[in-house]
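A structural walkthrough
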Amino acid sequence: QTRRTKNGEQQNSNDQTLNLSIASKETTEQRKVIINNKLTMALPPGIPALLILVFLTIAIIGMGGTRGGGICRFLRHASTSERAMATFVVAVPFWIWAVINTANMGNLDLGAVTFLLVILSCIALLLQKEKQLWKTILLVVSSGLVSVNYLLPFFMNLGLEATHYFYFAVGVLYWMVVGLWNWWGRQRGTTSSIDSEAPQEPPVSESTDLVK
């Protein structure tokens, strides 16, 4: 009987420990949800990231358009370095976001890898002194990997919100365009080519005739 009593007490102690562990996990998950809601302002899934993407794109294009020639000239004639810098600015916040997701969820967010490849490719292009095609190819490939990463959820049964899938679709197209934009600019110089291609006034010729 004494053994049964001790076994019963030990079982109750184990049950209490298990309940406390479950409660602790639930509290941790609740905290993660609260923190995530604060970071995303409780907007529908995918919308906060989409707003950041739109804001960064408008800011980059707007600043590029102020450098002589306007927005169209920036998009068409930006140098390799300028394109790499624009891509870098967009990639960094999303890489940080992916790293935070990995830390919070305990599972690897592939964005932490693909965006890091984009960032390293941009740095390689920004540091180059002479044009090296393989660095541009690396940036195009890494941008393509980001697109593939955004495409994967469509082939997985994740049960996400429609707004999340909308953001993923935008991400697929966006990074495909970014990769093509960097590829199209591969022939540009490493320094700004906007000012050099802006229309210039013809030089004033000096008259060799003397005033009579």
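Structure's up top.
Quick summary incoming for the structure in this document. (Residues numbered from 1 in each chain as written. Predicted model: local features only at pLDDT ≥ 70, side-chain atom pairs only at ≥ 80, totals over all residues. Heavy atoms only, no water.)

**Observations regarding helix H7 (residues 162–184)**
Given 3.6 residues to a turn, an α-helix orients residues that are three or four positions apart in the same direction. Rules: Helix numbering and strand numbering both begin at the N terminus, where a helix is a DSSP run of H or I of at least 4 residues and a strand a DSSP run of E of at least 2. Expected span of a helix: the number of residues minus one, times 1.5 Å. For every residue, the accessible area obtained with a 1.4 Å probe (protein chains only) is divided by the maximum for its type, and the residue is called buried under 20%, exposed over 50%, and partly exposed between those limits.
Spanning 23 residues, H7 covers 33 Å between terminal C-alpha atoms, matching the ideal 33 Å at 1.5 Å per step. Within H7, the full set of buried residues consists of Tyr165, Tyr167, Phe168, Gly171, Val172, Tyr174, Trp175, Val178, Gly179, Trp181 and Asn182.

**Some details on helix H4 (residues 80–105)**
Test applied: The angle separating two fitted axes, one through the seven residues that finish at a residue and one through the seven that start at it, defines the bend at that residue. Contacts between residues were defined by any pair of non-hydrogen atoms, one from each residue, lying within 4.5 Å.
For H4, spanning 26 residues, the distance from its first C-alpha to its last is 37 Å, which sits close to the expected 38 Å at 1.5 Å a residue. Maximal helix bending in H4 amounts to about 25°, located at alanine 91; proline proline 93 follows within four positions. The set of residues buried in H4 consists of Thr80, Ser81, Glu82, Arg83, Ala84, Ala86, Thr87, Val90, Ala91, Phe94 and Ala98. Contacts made by the buried residues of H4 are with helix H2 (47–65), helix H3 (70–77), helix H5 (111–127), helix H6 (133–151) and H7.

**Description of the layout of surface pockets**
Threshold: As defined here, a cavity is a set of points on a 1 Å grid over the protein atoms alone where a 1.4 Å probe fits but cannot get out. A pocket is an open set with protein on both sides within 12 Å along at least five of seven lines, and residues line them when an atom is within 4 Å of a point. Grid points are joined across faces, edges and corners, and a volume is the space filled by probe spheres set on the points.
For the second largest pocket, the calculated volume is near 280 Å³. Together, 13 residues line the second largest pocket, and Thr57, Ile61, Tyr174, Val178 and Trp181 are the ones closest to its centre. Those elements that place two or more of their residues in the lining of the second largest pocket are H2, H3, H4 and H7. In terms of residue count, H7 provides more of the lining of the second largest pocket than any other element does, five residues in total.

**Some details on the environment of leucine 152**
Following the sequence through the fold, leucine 152 ends up in the loop between H6 and H7. Once the C-alpha coordinates of leucine 152 and phenylalanine 168 are considered, the two residues, 16 residues apart in sequence, prove to be 9.0 Å apart.

Take it as geometry only, folks, not as evidence of what the structure does.
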